[in-house]
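Descriptive analysis of the structure
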Amino acid sequence: MTKIPLITEIQRYCTNDGPGIRSLIFFKGCSLNCPWCHNPECKSLEVDIYYHQDKCQQCGRCIENCPQGAISWRSPKKEAILIDKEKCNKCLKCIEGCPVNALEKVGQTLTFEQIVDEALRDKAFYETSNGGVTLSGGDPLFFPEYSLKLLKKFKADMINTTVETAGYTRWEILKEIAEYTDLFLYDVKCMDPTIHKKFIGVDNKLILNNLKKLSATKANIRIRIPVIPGFNDNEENFKLMINYLRSLENPVMAVDLLPFHNSAEKKYIQLGLNYAYKGKPFMEKEEVEWIKDFLEKNNITTTVGGLIGVGK
C-alpha cells in the first residue's frame, strides 16, 4: 500500500533548489535526525503544532478546549503556554478554538491532484526559465511510491524534476527514482561513519554506497555538504571526501558547501523542540573558503552557499 505523505508547504517562485524558477514540495518525514536541520517541522511523519507566542493573548481557551489536559501555563505569570507532547493526541481542538491563530497545524493531507495542480500553475514560468519542480522535505524518498508517481506525472508533462535527498533508502528505490529525475541534490553530511551515527542516528554506509551506484548511472548530481562546527569542519573529513569523490565512476556536477546558520531556531521554539545549536553564531562564507580552495585544488567544482538556481 502506498504511504501517503503529509505536506508542510508547496513553495512557488523558488530559485535556490534546482535550475530556473521552481515549485518546491516539502514532504513531512525523514530517516535521519540532523540536530541542525533547518526544516525541523519536516522531521516527523505526524501532524505537529506551531505555537506563535508573539500572537498569543493568554486567553487560556486552548487550555480549556484540550480534552487531554495536554496544555498548561508555562509559568505562574501565565505569559505563555506549554504543550505536553506525551499527552497531546493531535485532536487540534486547541487550534480550532484559538481566536488569534497563535496555534497552527503543521502538515496537511493533499490529494495527488491538488499537489499536481498547484505545481502546474507555474508551468509557463518553468518553460521560460528552464525551471521545474523539486521534491524536498524531510526526504521525498521516505515516500518512494508516491514520489515516483509524482515524478512520472511531471516528466509526462515535460517538466524538469529535481530531488533533494540524503540517499538513505534501498538502491532499488533510488534506481527507479533516477529514471524520472533530471537532477539530484544529494546530501553528504560527513565521511566518518561513527561520527555520522553519533550526530545523526545512522551511519553513512548506505548513503555512500547509493551515491556510488547513482554516479554509475550517469545521473546529474550535485553534492550538498552542510558545514557544521564541531561535526565535519575539519581537514581530515574533506581529505576523505576528495578520495571518495575520486572513486566515483562519473564526476559529480559540483559540491555546494552550505555554511551553518541558525535561522531555524525560532521553528524549534515554536514546535517545543530542543535546539542543540541555540545561540551558535552563523558561519560566515569566509570561514569555509579554505574548504572551497581545498576541493578546487583537487579539481572539484565547488560553491559556497550554492549557485543561484542550483543550490541552497
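I will try to describe carefully the structure that is included in this document.

Ordered by their spatial adjacency, eight strands build an open sheet running β1-β2-β7-β8-β9-β10-β11-β12, and the pairing between neighbours is mixed. The sheet is open, and its two edges are formed by β1 (6-14) and β12 (302-304), each paired on a single side. For this sheet, the mean angle separating the axes of adjacent strands, direction not counted, is 20°. Two elements, strand β11 (residues 254-259) and β12, share three bridges in a ladder whose sense is parallel. Paired with leucine 257 across the strands is valine 304, a residue of β12.

What follows covers the packing of helix α3 (residues 112-120) against helix α5 (residues 144-156). Taken N-terminus to C-terminus, the directions of α3 and α5 make an angle of 40°; their axes are 11 Å apart at the nearest point. Taken together, α3 and α5 sit at an angle that is classed as oblique. Crossing geometry of α3 relative to α5 is assigned as right-handed. On α5, the residues that touch Phe112, Ile115, Val116 and Ala119 of α3 are Tyr146, Lys149, Leu150, Lys153 and Phe154. Classifying every residue of the contact of α3 with α5 gives seven nonpolar, no polar and two charged.

Let us look at the pattern of salt bridges. It is possible for side chains of opposite charge to pair when their charged atoms get near one another. One pass over the full model with this rule turns up 15 salt bridges. Note that arginine 224 and glutamate 164 form a salt bridge whose closest N and O atoms lie 2.4 Å from each other. In this pair, arginine 224 is assigned in strand β10 (residues 221-227) and glutamate 164 in strand β8 (residues 160-165), connecting sequence segments 60 residues apart. The buried category is assigned to arginine 224, whose relative accessible area is 2%. Glutamate 164 sits in the buried class, given a relative accessible area of 9%. Between lysine 292 and glutamate 296 there is a salt bridge, with its nearest N and O atoms 3.1 Å apart. Of this pair, lysine 292 and glutamate 296 are both found in helix α11 (residues 289-296), four residues apart, which corresponds to roughly one turn of the helix.

As a further point, take the environment of tryptophan 171. Its place among the elements puts tryptophan 171 in helix α6 (residues 171-178). Spatially, the C-alpha atom of tryptophan 171 lies 8.6 Å from that of asparagine 209, the residues being 38 residues apart in sequence. Not counting residues up to four positions away in its chain, the partners in contact with tryptophan 171 are Asn210, Lys213, Leu214 and Thr217.

So, how was this worked out
Residues numbered from 1 in each chain as written. Predicted model: local features only at pLDDT ≥ 70, side-chain atom pairs only at ≥ 80, totals over all residues. Heavy atoms only, no water. Pairing = 2+ DSSP bridges. Helix = DSSP H or I, 4+ residues; strand = E, 2+ residues; numbered from the N terminus. Axes fitted to C-alpha atoms, helices over the stretch in contact; angles between N-to-C directions. Parallel < 35°, antiparallel > 145°, perpendicular 65-115°, else oblique. Left-handed = near helix turned anticlockwise from the far one by under 90°. Contact = heavy atoms within 4.5 Å. Nonpolar A, V, L, I, M, F, W, Y, C, P; charged D, E, K, R; others polar. Salt bridge = Lys/Arg side-chain N within 4 Å of Asp/Glu carboxyl O. Buried < 20%, exposed > 50% of the residue type's maximum accessible area, 1.4 Å probe, protein only.

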